[in-house]
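# Analysis of the macromolecular model
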Amino acid sequence: MVRFENVGLRYGTGAEILKDISFSIERQTFQFLTGPSGAGKTTLLRLILLSLKPTRGQIKLFGNDAAQLDKDTITGLRRRIGVVFQDFRLLDHLTTYENVALPLRVQGREEATYRAEVIELLRWVGLGDRMHILPAVLSGGEKQRAAIARALIVRPELLLADEPTGNVDPTLARRLLRLFTELHKSGTSVVIATHDLTLMDQFEGARRLVLGDSRLHIYD
Amino acid sequence: MSIHKLDLEQAEDDAEHAARHRHHLKRDMPLVPAVSIAGRALVTVIAIMTFLASLTAGAAMLIAETSQDWRQSISREMTIQVRPIVGRDLEADTAKAVEIAQGFPGIATVRAYTKTESEALLQPWLGAGLDLSELPVPRLIVLKLAPGTEFDAAGLQRMLSEKVAGATLDDHRLWLSRLAVMAKTVVVMAALIFSLVLVAMMLAVSFATRGAMAGNREIIEVLHFVGAADGFISRQFQSHFLRLGFRGGAIGGGTAIVVFFVLGTLSSWWRGTPAGDQIEAMFGTFGLQFKGYFLIVLVAAGIAVTTGLVSRIIVFRHLRGLS
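First things first, this report covers the structure right here in the doc. For clarity, every value in this text was computed on a predicted model and none was experimentally measured. (Residues numbered from 1 in each chain as written. Chains lettered and ligands numbered in written order. Predicted model: local features only at pLDDT ≥ 70, side-chain atom pairs only at ≥ 80, totals over all residues. Heavy atoms only, no water.)

## Considerations on the overall build of chain B
Within chain B, the secondary structure is distributed over twelve helices and four strands. In chain B, which comprises 323 residues, the share counted as buried stands at 38%. A separation threshold of at least 6 residues defines the contact pool for chain B, and within that pool the share at least 24 residues apart is 83%. Accessible surface computed for chain B: about 18000 Å², of which carbon and sulfur atoms make up 65%. (Helix = DSSP H or I, 4+ residues; strand = E, 2+ residues; numbered from the N terminus. Buried < 20%, exposed > 50% of the residue type's maximum accessible area, 1.4 Å probe, protein only. Contact = heavy atoms within 4.5 Å. Areas by Shrake-Rupley, 256 points an atom, 1.4 Å probe, with all protein chains shown as cover.)

## Focus: the packing of helix α5 (residues 140-152) of chain A against helix α6 (residues 170-185) of chain A
Residues and elements named next belong to chain A. The interhelical angle for the contact between α5 and α6, taken along N-to-C directions, is 5°, at an axis separation of 12 Å. It follows that α5 is roughly parallel to α6 by the angle criterion. Along the contact surface, α5 presents Gly 141, Arg 145, Ile 148 and Leu 152, while α6 presents Leu 172, Leu 176, Leu 179, Phe 180 and Leu 183. Taken together, the residues of the contact of α5 with α6 sort by class into seven nonpolar, one polar and one charged. (Axes fitted to C-alpha atoms, helices over the stretch in contact; angles between N-to-C directions. Parallel < 35°, antiparallel > 145°, perpendicular 65-115°, else oblique. Nonpolar A, V, L, I, M, F, W, Y, C, P; charged D, E, K, R; others polar.)

## Overview of the environment of A:Phe30
Residues and elements named next belong to chain A. With respect to the helices and strands, the residue Phe 30 is situated in strand β3 (residues 30-34). Its relative accessible area of 5% is what places Phe 30 among the buried residues. With 178 residues separating them in the primary sequence, Phe 30 and Arg 208 have C-alpha atoms 8.9 Å apart. Residues in contact with Phe 30, not counting those within four places in the same chain, are Leu 177, Phe 180, Thr 181, His 184, Val 190, Ile 192, Phe 203, Ala 206 and Arg 207.

## Some remarks on a nonpolar patch on the surface
A cluster of nonpolar side chains, contributed by B:Trp125, B:Leu126, B:Leu130 and B:Leu135, occupies part of the molecular surface with about 480 Å² of accessible area. Relative to the helices and strands, B:Leu130 resides in the loop between α6 (123-126) and β3 (139-145). (Patch = residues over 30% accessible without salt bridge, like charges linked within 9 Å, V, L, I, M, F, W, Y side chains within 5 Å. Salt bridge = Lys/Arg side-chain N within 4 Å of Asp/Glu carboxyl O.)

## Details of the sheet that holds strand β8 (residues 189-193) of chain A
Residues and elements named next belong to chain A. In space, the six strands of this open sheet follow the order β6-β7-β8-β3-β9-β10, with mixed pairing throughout. Strand pairing shows two members of the sheet lacking a second neighbour, β6 (81-84) and β10 (215-219), which therefore form its edges. Here the strands of the sheet are splayed against their neighbours by 15° on average, with no regard to which way each runs. Pairing geometry for β6 and strand β7 (residues 158-162), over four bridges, is parallel. Paired with Val 83 across the two strands is Leu 160, which belongs to β7. (Pairing = 2+ DSSP bridges.)

## A short note on the nonpolar core
Residue and element names in this part refer to chain A. Formed by 42 residues in total, the largest nonpolar core has its most connected members in Phe 30, Phe 32, Val 118, Leu 159, Phe 180 and Ile 192. Elements with a minimum of two residues in this core: β3, α3 (96-105), α4 (111-124), α5, β7, α6, β8 and α7 (197-201). Element by element, the count of residues in this core is highest for α6, at seven residues. If near-sequence neighbours (up to four positions away) are discounted, Ile 192 is found in contact with Phe 30, Gln 31, Phe 32, Leu 33, Ala 161, Pro 164, Leu 177, Phe 180 and Leu 199. Ala 39, Leu 50, Leu 77 and Leu 160 belong to the second-largest nonpolar core, a separate cluster that totals 36 residues. (Core = buried A, V, L, I, M, F, W, Y, C linked by side-chain atoms within 4.5 Å.)

## Points about the packing of aromatic side chains
All told, the structure shown has four aromatic pairs over all chains when counted by the stated rule. Between the aromatic rings of A:Phe30 and A:Phe32, the centroid separation amounts to 5.4 Å while the plane-to-plane angle is 70°, which identifies the pairing as edge-to-face. Both residues of the pair, A:Phe30 and A:Phe32, count as buried. Between B:Phe290 and B:Phe294, the aromatic rings sit 6.3 Å apart at their centres with planes inclined by 20°, giving stacked as the arrangement. In this pair, B:Phe290 and B:Phe294 are both assigned in helix α12 (residues 290-322), four residues apart and thus about one turn of the helix distant. Residue class for B:Phe290 comes out exposed when judged on its relative accessible area of 68%. Assessed through its relative accessible area of 45%, B:Phe294 is described here as partly exposed. Cation over ring: A:Arg80 sits above A:Phe62, and NZ or CZ is 4.0 Å from the ring centre. Geometry around A:Phe85 places A:Arg89 over its ring, the cationic atom sitting 5.0 Å from the centre. (Phe/Tyr/Trp six-rings, centres within 6.5 Å; stacked < 30°, edge-to-face > 60°. Lys NZ or Arg CZ within 6 Å of the ring centre and 35° of its normal.)

## A closer look at the pattern of salt bridges
A full pass over the atoms with the stated rule returns 20 salt bridges over all chains. For B:Asp230, the salt bridge identified is with A:Lys71, shortest N-O distance 3.1 Å. Here A:Lys71 lies in helix α2 (residues 71-78) and B:Asp230 lies in helix α10 (residues 230-270), a pairing that spans two chains. Each member of the pair, B:Asp230 together with A:Lys71, is buried. Here the residues in one salt-bridge network are A:Glu16, A:Asp20, A:Arg56 and A:Arg215, joined through shared partners.

## So, helix α7 (residues 153-163) of chain B
Residue and element names in this part refer to chain B. Turning to α7, its buried residues number three or more, namely Ala 153, Gly 155, Leu 156 and Leu 160. Seen end-on, α7 carries its buried residues on one side only, within an arc spanning 160°. Buried residues along α7 sit in contact with β1 (77-82), α4 (90-103), β2 (107-112), β3 and β4 (167-170). (Arc of directions from axis to C-beta.)

## Digging into unusual backbone geometry
Most peptide bonds take the trans configuration, and most residues that are not glycine carry a negative phi. All names here are of chain A. We note that Glu 163 has phi near 50°; this positive angle belongs to a residue other than glycine. Along the chain, Glu 163 falls in the loop between β7 and α6. Residue classification places Glu 163 among the buried positions, given a relative accessible area of 10%. Despite not being glycine, Ser 214 has its phi angle at roughly 65°, a positive value. Considering the arrangement of structural elements, one finds Ser 214 in the loop between β9 (207-212) and β10. Given a relative accessible area of 18%, Ser 214 falls into the buried group.

Below, the structure is given as structure tokens:
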């Protein structure tokens, strides 16, 4: 599904912030991406999402060599990936409902075809009564759940979540993790970037990708 | 998706819930925020540009139509001038010229100015109350040509030269050519001003689009991440700027229509007064015909569409550049 071969990344002429990164993410797998703050977790997720180009090495996404892809193909591949950003990235002028429905809307689908689905998911993540609200009025946890719902609404083959439980209480964090594990069971590969050890301990069978000193260490 | 099976009770009443929300959900908010200070400023700029472009187009049309009226009326009229020559009877020469003109094909009416009328023509320059009987004032004969017939001006000139000494035919060719040049100059100037206004407006839209993209960089990034194609994103900006363009175009074009309507009404009120007649003679009635108002609507719509297209092209190029 995702394969990195000796990938390196540097900004400008600076030192490499990621060195010789090689790993693969197979279908229906669950992994945590962890490491200290500033280790490059978000950068690695952005490389997977093809929003950054590596300075060396090869990235393959769904069997495609990223270096050979045109923009339209990248767009098509991104539609198979759900992303939860650390800072939520909700659009402030859209309601919770509109934010969650956004990935379906950009695909040109008619609103009537996904309305029930979006409402159902919003209710599931506990935002059933907050769907008319603008993000500015939502709490941090509510924004987090809206961001997660937006990532899930397309039923992605691969879910990338950057610190998805960073702004929620332990109870909700457990519930969100249950959501991710259910998603994993339904066939989605999940990558959760976090440095929350408690969260990782709740899912002991998960693979751990640990970033440190610009390199990736894998613990299966 | 199995997550949706986790809570069966909730899932069962989803349809009912969806139906309840159907009429309350905000579903079609533009993805590019519609309200912004930059947006209002751009609407104002587009309104001003549309107003200026509409005024230019309307004024050019008025002058071109008036010039056309002038040329048509002048070209259907000619003048024979009979100069007094010592030893010849001016009245007899005038009568002879009238007789020749009346018998010439293509002439509908012939009217000779009397001696008194000819002298009255000099009043604006020499003043009233002078005895002009000693002055060699030429006599004028006005010919109106029959519409839809060929007229041989050279033939009439030749006949007059042969039979009436001192008679010349003035077919106003010089006036006509000057009027034609003036009308063409006005139209070219109007086209130039119109083009400049359009270029200025396109530049303003281009700056505004770049500003809007800079201000909405995060929105563009999110749209990319959730799988929006460049075409989709540029369409969002296009429709945003098209809306602004139509709003600005409607305000500018509407104001221009009101201005022309008020000027037309005022000029019709002034008709009959010396100043009003003078203005009407020079510039026409100021009243735009239907096609003039249609032209303004066309200009406003064209500017709105141009606004949308310019923004789409700039956004598309910018997005291509991002890759």
